[in-house]
There are 2 protein chains.
Amino acid sequence: MLDVCLPGTGGMLPLPNRWLTCCWIEHQGAAILIDCGEGTQIALKKAGLKPARIELLLITHFHADHVSGLPGILLTLANSARTQPLTIAGPVGLKRIVSALTVIAPRLPFPLEIIELQFSRTVKSDQPTAGSPIATSVPCTPKPLYLQNVGGHDAGYRASSREKTSPVKITALPLRHGVNCLGYRIELSRKPVFNPDKAKSLDVPVKFYKHLHSGESVTLDNGRIILPEQVLDGIRRPISVCYFTDTKPFPQMIDFAKDVDLLISEGMYYDERMREKIDEKNHMLFSDSAKLASKCGAKRLWLTHYSPALERPHDGTKAVQKIFPQTTISNDGEMLTIAE
Amino acid sequence: MLDVCLPGTGGMLPLPNRWLTCCWIEHQGAAILIDCGEGTQIALKKAGLKPARIELLLITHFHADHVSGLPGILLTLANSARTQPLTIAGPVGLKRIVSALTVIAPRLPFPLEIIELQFSRTVKSDQPTAGSPIATSVPCTPKPLYLQNVGGHDAGYRASSREKTSPVKITALPLRHGVNCLGYRIELSRKPVFNPDKAKSLDVPVKFYKHLHSGESVTLDNGRIILPEQVLDGIRRPISVCYFTDTKPFPQMIDFAKDVDLLISEGMYYDERMREKIDEKNHMLFSDSAKLASKCGAKRLWLTHYSPALERPHDGTKAVQKIFPQTTISNDGEMLTIAE
């Protein structure tokens with residue numbers, strides 16, 4: 001189960017009635033926060049989200065509306081008496097940016113682990129590589145991050161790029177915004193479905209169900225060995241959320257966001273007459289994200305990152321839902337629990 | 001005439017219903033902004049203040065709640081197509097802080113003039129120096145800043161530390177907050193009162209009144225010379241505002257804030273049981289600022305910089321007004337025009 005929230009939905013400038021775009025994704029009490037513009041710590045409070053739960057902060061890029069609230073978030077965590085490390089991941093250059101912005105938050109009571117997501121630029125082919133969700137005309141995705149349950153006294157999850165110890169996997173895609181900018185896909189893997197009818201037909205006692213569901217083989221009292229695949233109904237696809245701000249549209253986004261349960265994607269304006277301006281600024285219109293949602297087979301689309309000049313984004317609802325009916329013109333505080 | 005506004009009144013952390021403390025002081029369309037914590041650009045919008053009018057940004061100190069909104073303010077000014085320089089003044093270290101925070105606002109269309117207010121630490125005496133508003137047990141005040149009207153195409157005021165070309169003078173006092181921190185006094189000098197009865201008794205034609213009021217001597221048609229002092233009723237004291245956050249109280253603040261029209265001063269809590277905590281943190285209670293207002297002969301006191309834990313600062317009204325009746329427990333957006 002993933003809880004997803006958009007505490008803010010604005011782009012460029014925070015407004016009195018619209019916080020800057022950021023995204024909260026929580027699993028079992030451990031949260032990922034994507035981006036933190038000016039005021040994000042207030043937006044979290046308004047949405048009823050607990051900053052202390054943040055284990056991983058993902059930054060898309062270093063424009064002020066996506067990162068200027070970093071000192072505020074860090075100091076809020078400091079005030080909550082946090083001592084466990086916080087991981088911040090983002091594009092190359094992140095260490096320099098964090099180092100500069102924390103000049104006004106110099107003595108944090110917890111360590112920062114900064115991960116710059118490096119992308120190989122050696123592959124020249126325009127064809128997708130086997131096993132890679134993205135075509136190789138863009139840089140290759142780096143090794144995924146995993147939100148890691150560290151357990152014990154230091155409870156909670158921690159981001160780790162080293163090994164898979166968590167069901168929450170994060171991959172990144174370089175976007176096209178004129179500066180280093182990353183899109184993110186967050187996936188929660190799920191256990192296969194346990195089939196009690198199969199277990200009963202094999203005379204497996206109930207006490208063994210949990211072990212089999214976790215992928216362990218068991219030996220029954222009569223010496224018979226039961227394998228997990230004898231009682232499980234195959235692999236379920238992960239729950240997935242994809243997040244794209246800021247970028248102009250390009251084909252590889254479709255593969256990267258393939259079949260996501262929720263696509264969160266920018267829409268600066270709904271008015272097609274803004275096309276020229278939006279192309280020039282490397283952004284997307286509502287229709288761009290709707291076409292993308294349709295092509296990648298997303299179950300739902302949340303639009304966000306509205307221009308401050310767009311006072312009534314909901315006026316674009318009808319037109320965008322013609323392209324992709326499951327589109328939501330998100331409001332600040334938009335929430336969804338994805339269980340299935 | 002000075003227009004004064006407190007767009008925010010919070011300390012430490014911005015809250016959904018309380019912006020961080022900052023102060024707006026405007027004279028003839030040119031504004032001074034004191035401090036800019038996270039969200040100040042939104043607080044200005046909510047208070048109906050126009051960031052484009054900011055000519056001088058004064059920083060008290062480099063704690064995040066007083067300066068983390070700097071990139072946002074600068075980018076807001078950039079979006080308003082500003083090209084004229086912006087002066088930022090504050091404690092020593094300001095250049096380093098501005099340089100670090102503008103890593104996410106790297107290409108501003110206007111130049112920044114950074115003034116670090118240096119204080120001499122050579123004077124040892126505990127007695128006030130002649131001409132200095134502060135006792136010399138604290139560092140001497142540096143040369144005042146003047147908000148300078150540059151005129152012409154580049155209209156508006158500009159801060160200048162070089163010469164007195166404006167009626168708006170800014171002086172600073174080092175406070176006691178455990179880090180470099182400055183209090184500010186803003187004074188608007190006023191022309192002496194013109195006495196038309198005196199002018200009439202000297203047979204001065206009305207066409208000369210304006211020149212005489214501006215301090216110029218005039219020669220009448222009959223060759224007689226009239227001096228300004230023959231028709232003026234002496235010097236009027238300036239309009240003055242004094243601003244103190246963050247600090248513990250100390251005696252030199254009284255001289256520095258002598259006879260101000262408006263004292264704006266911090267009050268983290270009203271509850272005297274917070275005394276120990278507040279002393280330790282180098283802050284003030286409501287009663288500290290009220291005693292200060294009383295001792296310095298202020299006409300009015302505005303309290304601000306409430307602790308996030310203080311949900312209902314107005315509950316402290318009665319007690320603090322016993323000490324200094326002209327105390328206002330400021331709300332976000334508190335406004336006053338000081339004309340006399």
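A tally of helices and strands in chain A yields 10 helices and 17 strands. Across the 340 residues of chain A, 55% fall into the buried class. Looking at chain A alone, contacts between residues at least 24 apart form 63% of all its contacts between residues at least 6 apart. Accessible area for chain A stands at about 14,600 Å²; split by element, carbon and sulfur atoms hold 52% of it.

A separate point is the packing of aromatic side chains. For the coordinates displayed, the defined rule picks out nine aromatic pairs over all chains. Ring geometry for A:Phe244 against A:Phe256: centres 6.1 Å apart, planes inclined by 40°, an arrangement best described as tilted. Remark: A:Phe256 occurs in helix α7 (residues 252-256) and A:Phe244 occurs in strand β13 (residues 239-244); sequence separation between them is 12 residues. With relative accessibility at 0%, the residue A:Phe244 sits in the buried group. Seen in terms of ring centroids, B:Phe194 and B:Tyr209 are 4.7 Å apart; in terms of plane orientation they differ by 45°. Their pairing is tilted. Taken together, the residues span a long stretch of sequence, with B:Phe194 in the loop between β10 (182-188) and α5 (196-201) and B:Tyr209 in helix α6 (residues 209-213) at a distance of 15 residues. B:Tyr209 matches B:Phe194 in its accessibility class, with the two residues each being buried. Within the aromatic cluster, the residues linked to one another by ring pairs are A:Tyr270, A:Phe286 and A:Tyr306. Across from the ring centre of B:Phe110, 5.6 Å away, lies the NZ or CZ of B:Arg82, which sits over that ring.

With an axial shift of 0.1 Å and an RMSD of 0.1 Å, the rotation relating chain A to chain B amounts to 180°. What the superposition gives is, in effect, a two-fold axis relating one chain to the other. In terms of proximity to the rotation axis, the leading residue of chain A is A:Ala100, whose C-alpha is 2.3 Å off the axis.

What follows concerns the pattern of salt bridges. Pairing between side chains of opposite charge can happen when their charged atoms approach one another. Inspection of the entire model under this criterion finds 24 salt bridges over all chains. Between A:Arg275 and A:Glu272 there is a salt bridge, with its nearest N and O atoms 3.4 Å apart. We note a salt bridge from B:Asp261 to B:Arg237, for which the minimum N-O separation is 3.0 Å. Of this pair, B:Asp261 sits in the loop between α7 (252-256) and β14 (262-266) while B:Arg237 sits in the loop between β12 (225-226) and β13 (239-244), and the two are 24 residues apart along the sequence.

We now examine the confidence of the model for chain A. Residue and element names in this part refer to chain A. Put simply, chain A has an average pLDDT of 88, and 87% of its residues get 70 or more. Note on residues 122-141: pLDDT under 50 across the span, and 37 contacts to partners over four residues away in sequence or across chains. Within the model, pLDDT remains below 50 along residues 149-156, and this stretch shows 11 contacts once partners closer than five positions in the same chain are excluded. Quick note on the complex model: pTM equals 0.86, ipTM equals 0.84.

Glancing now at the interface of chain A and chain B. Taken together, the contact pairs 28 residues of chain A with 28 residues of chain B. Buried area between chain A and chain B, summed over both chains or domains, comes out near 2,400 Å², and the portion from carbon and sulfur atoms is 71%. Counting the contacts that link chain A with chain B gives zero salt bridges. Seen at the junction of chain A and chain B, the total is four residue pairs in polar contact (both at pLDDT 80 or more). Breaking the side of chain A that touches chain B down by element, the ones donating at least two residues are α1 (40-46), α2 (64-67), α3 (70-79) and α4 (94-101) of chain A. Looking at which element gives the most residues to the side of chain A that touches chain B, the answer is α1(A), with five residues. Residue classes in the side of chain A that touches chain B are distributed as 15 nonpolar, nine polar and four charged.

All names here are of chain A. The seven strands lie next to each other as β6-β5-β4-β3-β2-β1-β17, forming an open sheet whose pairing is mixed. The open sheet terminates on both sides in strands that have one partner only, identified here as β6 (112-116) and β17 (334-338). Strand after strand, the sheet turns through a mean of 15° between neighbouring axes, direction not considered. Looking at chain direction, strand β5 (residues 86-90) and β6 are connected through five bridges and run parallel. The residue bridging Ala 89 from the neighbouring strand is Ile 115, located in β6. Seen against the sheet, α4 touches β5 and β6 and runs at an angle of roughly 145° to β6.

Okay, the nonpolar core next. One recurring pattern in soluble globular proteins: nonpolar side chains tend to sit buried together. By size, the foremost hydrophobic cluster in this structure holds 63 residues, and its most contacted members are A:Leu33 and B:Leu33. Residues contacting A:Leu33, with those up to four places away along its chain left out, are A:Cys22, A:Cys23, A:Trp24, A:Thr40, A:Leu44, A:Ile54, A:Leu56, A:Leu57, A:Leu58 and A:Ile73.

Residues and elements named next belong to chain A. Buried residues dominate α3, accounting for seven of its 10 residues. Considered for burial, the residues of α3 that qualify are Leu 70, Pro 71, Gly 72, Ile 73, Leu 74, Thr 76 and Leu 77. Remark: Ala 81 follows α3 within two positions and exhibits a positive phi of approximately 65°.

Another aspect to go through is the environment of A:Phe119. Residue and element names in this part refer to chain A. In this structure, Phe 119 sits in the loop between β6 and β7 (145-149). Residue Phe 119 is classed as buried on the basis of its relative accessible area of 17%. For the pair Phe 119 and Gln 41, spaced 78 residues apart in the sequence, the C-alpha separation amounts to 30 Å.

Right, let's get into α4(A). All of the buried residues in α4(A) are A:Leu94, A:Ile97, A:Val98, A:Ala100 and A:Leu101. For α4(A), the angular spread of the buried residues around the axis is 165°, confining them to a single face. Of the residues in α4(A), the exposed ones pointing more than 90 degrees away from the buried face are A:Arg96 and A:Ser99. Looking at the buried side of α4(A), the elements it contacts are α2, α3, β5 and β6 of chain A together with α4 (94-101) of chain B.

Criteria and thresholds
- Residues numbered from 1 in each chain as written.
- Chains lettered and ligands numbered in written order.
- Predicted model: local features only at pLDDT ≥ 70, side-chain atom pairs only at ≥ 80, totals over all residues.
- Heavy atoms only, no water.
- Helix = DSSP H or I, 4+ residues; strand = E, 2+ residues; numbered from the N terminus.
- Buried < 20%, exposed > 50% of the residue type's maximum accessible area, 1.4 Å probe, protein only.
- Contact = heavy atoms within 4.5 Å.
- Areas by Shrake-Rupley, 256 points an atom, 1.4 Å probe, with all protein chains shown as cover.
- Phe/Tyr/Trp six-rings, centres within 6.5 Å; stacked < 30°, edge-to-face > 60°.
- Lys NZ or Arg CZ within 6 Å of the ring centre and 35° of its normal.
- Least-squares fit on C-alpha atoms with pLDDT ≥ 70 in both.
- Salt bridge = Lys/Arg side-chain N within 4 Å of Asp/Glu carboxyl O.
- pLDDT = per-residue confidence, 0-100.
- Buried area = accessible area lost by both parts, 1.4 Å probe.
- Polar contact = N/O pair within 3.5 Å; in protein donor to acceptor, adjacent residues only side chain to side chain.
- Nonpolar A, V, L, I, M, F, W, Y, C, P; charged D, E, K, R; others polar.
- Pairing = 2+ DSSP bridges.
- Axes fitted to C-alpha atoms, helices over the stretch in contact; angles between N-to-C directions.
- Core = buried A, V, L, I, M, F, W, Y, C linked by side-chain atoms within 4.5 Å.
- Arc of directions from axis to C-beta.

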